[in-house]
Amino acid sequence: MMHLGLDIGSVSVKAAVVSAGGEVMAHAYRRHHGHPTPTACAVISEVLEQHPGIVGMAFTGSGGKRVAEHLHLPFDNEVIAHARAAAHLTPAAHTVIEIGGEDSRLILLDAGDGDGFRLRDLAMNGLCAAGCGSFLDQQAARLGIDIEGEFGTLALQSTRPARVAGRCSVFAKTDMIHLQQMATPVCDIVAGLCFAFARNFLAVVGHGKAVEPPVVFHGGVSANAGMVRAFRDLLQLDADQFSVPAHAAVAGAIGAALFAR
């Protein structure tokens, strides 16, 4: 017996298949390019064909409620889905940093045991591209760099990250143009963008909140090695205290699958 969770977000559709024992059996991450429902339907069809033992399904994410209502299936709040996934994947976690295409969240938990958890506090970004993964997408496009591969690799090559404005994508663009005119190495600009994003997240979303370790990083941005490095450096945490769990990019879908189970 297996359960399927779907996280339909502003940028991508994530899917996870979880066994009766809680093991992640399969997962998928697919950008929907402004067509979330057709993409979700395609992903569901593919997963059901590959895993005929699925007996239940649940949805989460900004686009998940609509699809769940059409299919008369359960919907799980995305904050709770990520908290549930963190308690399952990393039971000792006290803090979840979750960054997707349009939403960024700081979720504070009491450590659980297995799937048990208690949500202590929550903070989210405002309606600004500088506070979400789209900020990095925009800057990577301006530099002509692949956000899902080359971007993170370049960031790790930098030993002197450039200072870039992180509060506003317009100011960031101005800084980037100036840095390029000064012949600043691309790796330093990219690393600077990562640090700018992380500083902005901690100052705005994390304002007044205690980021208590262990910290786990969820969401599509967690796959960016440059962002992982920036957060670890700014929080002064090692890999044991700031980690990216397996399948972190689809953690919301895992939480939904656990909810279905």
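Residues numbered from 1 in each chain as written. Predicted model: local features only at pLDDT ≥ 70, side-chain atom pairs only at ≥ 80, totals over all residues. Heavy atoms only, no water.

With respect to the overall build of the protein
Rule in force here: In this text, helices come from DSSP runs of H or I with a minimum length of four residues, and strands from runs of E with a minimum of two, each type numbered from the N-terminal end. Based on C-alpha atoms, the radius of gyration is set beside the globule rule, defined as 2.2 Å times the residue count to the power 0.38. Relative accessibility decides the category of a residue: with a 1.4 Å probe and only protein chains considered, values under 20% of the type maximum give buried, values over 50% give exposed, and everything between is partly exposed. The contact definition used throughout considers only heavy atoms, calling two residues in contact when any of these lie within 4.5 Å. Only the protein chains shown count as cover for residues, and all accessible areas are computed by the Shrake-Rupley method using a 1.4 Å probe. Only four residue types enter the tally: Lys and Arg on the positive side, Asp and Glu on the negative side, with His and both chain ends excluded. Here the site of a charge means atom NZ of a Lys, CZ of an Arg, CG of an Asp or CD of a Glu.
In terms of regular secondary structure, the protein is built from nine helices and nine strands. For the protein, whose C-alpha radius of gyration is 18 Å, the value lies close to the compact-globule estimate of 18 Å for 261 residues. Buried residues in the protein amount to 52% of all 261 residues. Pairs at least 24 residues apart make up 66% of the contacts formed inside the protein by residues separated by at least 6 positions. Surface exposure of the protein reaches about 11500 Å², of which carbon and sulfur atoms provide 54%. Here the protein carries 19 positive and 24 negative side-chain charges, and the mean point of each set is 6 Å from the other.

A short note on helix H7 (residues 186-205)
Let me state the cut-off plainly: Multiplying one less than the number of residues by 1.5 Å gives the expected span of a helix.
Compared with an ideal rise of 1.5 Å per residue, which puts 20 residues at 28 Å, H7 spans 28 Å between its outermost C-alpha atoms and is within 8% of the ideal. Judged by how many residues are buried, H7 sits mostly within the fold: 16 of 20 residues are covered.

Things to note about the sheet that holds strand E6 (residues 104-110)
Hydrogen bonds between backbone groups are what pair the strands of a sheet, and the pairing can be parallel or antiparallel. Rules: At least two bridges found by DSSP between two strands are what make those strands a pair. Fitting a line to C-alpha atoms yields each axis, with helices limited to the stretch in contact; the angle taken between N-to-C directions then spans 0 to 180 degrees.
The mixed open sheet is built from five strands, whose spatial order is E7-E6-E5-E8-E9. The open sheet has two free edges, formed respectively by strand E7 (118-124) and strand E9 (242-243), since each of these has just one partner strand. Here strand E5 (residues 95-99) runs beside E6; their pairing, made up of five bridges, is antiparallel. Bridge pairing links Thr 95 to Leu 108 in E6. Running at roughly 60 degrees to E6, H7 makes contact with E5, E6 and E7 of the sheet.

Notes on the state of the cysteines
Rules: By convention in this document, the label disulfide applies to cysteine sulfur atom pairs within 2.5 Å.
Across all of its chains, the model carries zero disulfides by this definition. Here Cys 187 is not cross-linked by a disulfide; its sulfur's nearest cysteine counterpart is in Cys 194, at 11 Å.

Some details on the pattern of salt bridges
Where we set the bar: Take a side-chain nitrogen of Lys or Arg and a carboxyl oxygen of Asp or Glu: if they are within 4 Å of each other, that pair is a salt bridge.
Inspection of every chain in the model, using the stated rule, returns 13 salt bridges. Two residues, Asp 110 and Arg 118, come together in a salt bridge whose shortest N-O distance is 2.5 Å. Residues Arg 229 and Asp 233 are paired through a salt bridge, measuring 4.0 Å at the closest nitrogen-oxygen approach. Of the two residues, Arg 229 and Asp 233 both sit in helix H8 (residues 225-235), four residues apart, roughly one turn of that helix. Taken together, the shared-partner salt bridges in this structure form one network comprising Glu 78, Glu 98, Asp 103 and Arg 105.

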